[in-house]
Structure formats: C-alpha cells, structure tokens
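# Tertiary structure, described
The primary structure of each chain is shown beneath.
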Amino acid sequence: MIRQATLADLDAVTALEAACFPAAEAATRESMEDRLKAYRHCFWVDDDNGHIRAFINGMTTDEEILSDDMYEPNDKYREDGAYLMIFGVDTHPDERLKGLASGVMYQVIADCRAAGRKGIKLTCKEEKIPFYQRFGFEMEGVSESTHGGAVWYAMQLKL
C-alpha cells in the first residue's frame, strides 16, 4: 500500500535512509522529522503491513531549481507550489529490483498531475539517470549541488 507518511514512521524512514545512502548524504533523524512535519503531503511510503520498504520525499515550491538549502525547512516551500522537488527515492537494499520505487514514483506522478503541478525535479547520480528516464524525466545537466561531496545530475519531468 502506498500512503502518505506520518510522524509514526520517523524511525522506519530514518533507518531506511541510513541503509540507502552513505553517511555524508543520508538525512539525519532530525532532518527526517522536520520533513515529516513541514512537508508531510510530499512524503510517500510503500507500507507492507507496517514494514516500510520504499519511500519518496520532497517539498513543493514555485522555485525552478532544486538547491541544497531546500533539504531543510525553508521559506521557499509552497503547499500549492508549481513543482515537486524530490529529495530522495529510497528502497530497502533487500527489496530492490521488485518495482517498489517505481510503484511509489507512479503514485507521486499521479498525485502531482492531480494537484496541477507543472513538473517534478530531482538530482541523482549518473548511474540512476536511466531509471528516471523511464518515467519521462529529462536531463537538465550537472547540478550545482555539492551535497555529500558527490556529482549530481539535475532532471525534470514536465507535467
């Protein structure tokens, strides 16, 4: 079942984030709590009878570029924003290649279309580009992000 996350999911999503990303890139428990409080309608989870296997989280804004300062609550957030900025797409390592992240992404796209958003934006590492292209995301180039010291590529899905 894909549903909106709640504060009751904090420990599960924090643990999943730590399992999916290197320490320099993973969101902290405090950051996840802030996101769940500030951007709850932008946090989808795949819940299998209380076991969160995958999630996508982000924020909505009228800004057109995903910047590193958006990862924490900020004044760029707009509940009815034109764009969803995706912060993370996480799937438990033991659950990968089962279509879970894809299922959540399809729900995110459907919800954004229903809300009348102009698009969805994200940054990813080079090896993840083909995954996002399957949904219609287009490459915008190398991102200015310095998050975790990695090279990130900006992608957009126009809705």
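A few points on the structure.

Thresholds, definitions, all that
- Residues numbered from 1 in each chain as written.
- Predicted model: local features only at pLDDT ≥ 70, side-chain atom pairs only at ≥ 80, totals over all residues.
- Heavy atoms only, no water.
- Helix = DSSP H or I, 4+ residues; strand = E, 2+ residues; numbered from the N terminus.
- Contact = heavy atoms within 4.5 Å.
- Phe/Tyr/Trp six-rings, centres within 6.5 Å; stacked < 30°, edge-to-face > 60°.
- Lys NZ or Arg CZ within 6 Å of the ring centre and 35° of its normal.
- Polar contact = N/O pair within 3.5 Å; in protein donor to acceptor, adjacent residues only side chain to side chain.
- Pairing = 2+ DSSP bridges.
- Axes fitted to C-alpha atoms, helices over the stretch in contact; angles between N-to-C directions.
- Patch = residues over 30% accessible without salt bridge, like charges linked within 9 Å, V, L, I, M, F, W, Y side chains within 5 Å.
- Areas by Shrake-Rupley, 256 points an atom, 1.4 Å probe, with all protein chains shown as cover.
- Salt bridge = Lys/Arg side-chain N within 4 Å of Asp/Glu carboxyl O.
- Lys, Arg positive; Asp, Glu negative; His and termini not counted.
- Charge placed at Lys NZ, Arg CZ, Asp CG, Glu CD.
- Buried < 20%, exposed > 50% of the residue type's maximum accessible area, 1.4 Å probe, protein only.

## Details of the environment of Gln107
Note on placement: Gln107 falls in helix α3 (residues 100–114). Expressed as a C-alpha distance, the spacing of Gln107 and Phe55, which sit 52 residues apart in the sequence, is 11 Å. Dropping the residues within four chain positions of it, Gln107 is found in contact with Ile2 and Trp44.

## With respect to the packing of aromatic side chains
The final tally for this structure, using the stated rule, is eight aromatic pairs. An aromatic cluster of at least three residues, connected via ring pairs, comprises Tyr106, Phe131, Tyr132, Phe135 and Phe137. The ring of Tyr83 is capped by Lys121, whose NZ or CZ atom sits 5.0 Å from the centre of that ring.

## Observations concerning the side chain of Thr60
Structurally, the position occupied by Thr60 is in strand β3 (residues 51–61). Side chain to side chain, Thr60 and His41 meet in a polar contact 3.4 Å long. A polar side-chain atom of Thr60 sits 2.6 Å from the main-chain carbonyl oxygen of Arg78. The residues touching Thr60, leaving out its near neighbours within four places in the chain, are His41, Cys42, Lys76, Tyr77, Arg78, Glu79, Gly81, Tyr83, Leu84 and Arg117.

## Re the sheet that holds strand β2 (residues 43–48)
Pairing is mixed in the open sheet, where seven strands are placed in the order β1-β2-β3-β4-β5-β7-β6. The two strands at the open ends of the sheet, each matched to only one other strand, are β1 (2–4) and β6 (138–142). Going from strand to strand, the sheet's axes swing by 30° on average, the running direction of each strand aside. Its contacts with the sheet place helix α1 (residues 10–20) against β2, β3 and β4 (83–91), and it is angled at close to 90° to β3. Where helix α2 (residues 29–38) meets the sheet, its contacts fall on β2, β3 and β4, and the angle it forms with β2 comes to roughly 105°.

## A few points about a negative patch on the surface
Together, Asp62, Glu63, Glu64, Asp75, Glu79 and Asp80 make up a region of like negative charge exposed at the surface. As for its placement among the helices and strands, Asp62 is situated in the loop between β3 and β4.

## Regarding the pattern of salt bridges
Evaluation of the coordinates by the stated rule reveals 10 salt bridges. Linking Arg3 and Asp47 is a salt bridge whose minimum nitrogen-to-oxygen distance equals 2.9 Å. Taken as a pair, Arg3 in strand β1 and Asp47 in strand β2 lie far apart in primary sequence, 44 residues in all. Residue Asp47 is classed as buried on the basis of its relative accessible area of 11%. Where Arg53 meets Asp48, a salt bridge forms, and the shortest distance between an N and an O atom there is 3.9 Å. One salt-bridge network, held together by shared partners, links Arg3, Asp9 and Asp47.

The values are spatial; any link to function lies outside them.
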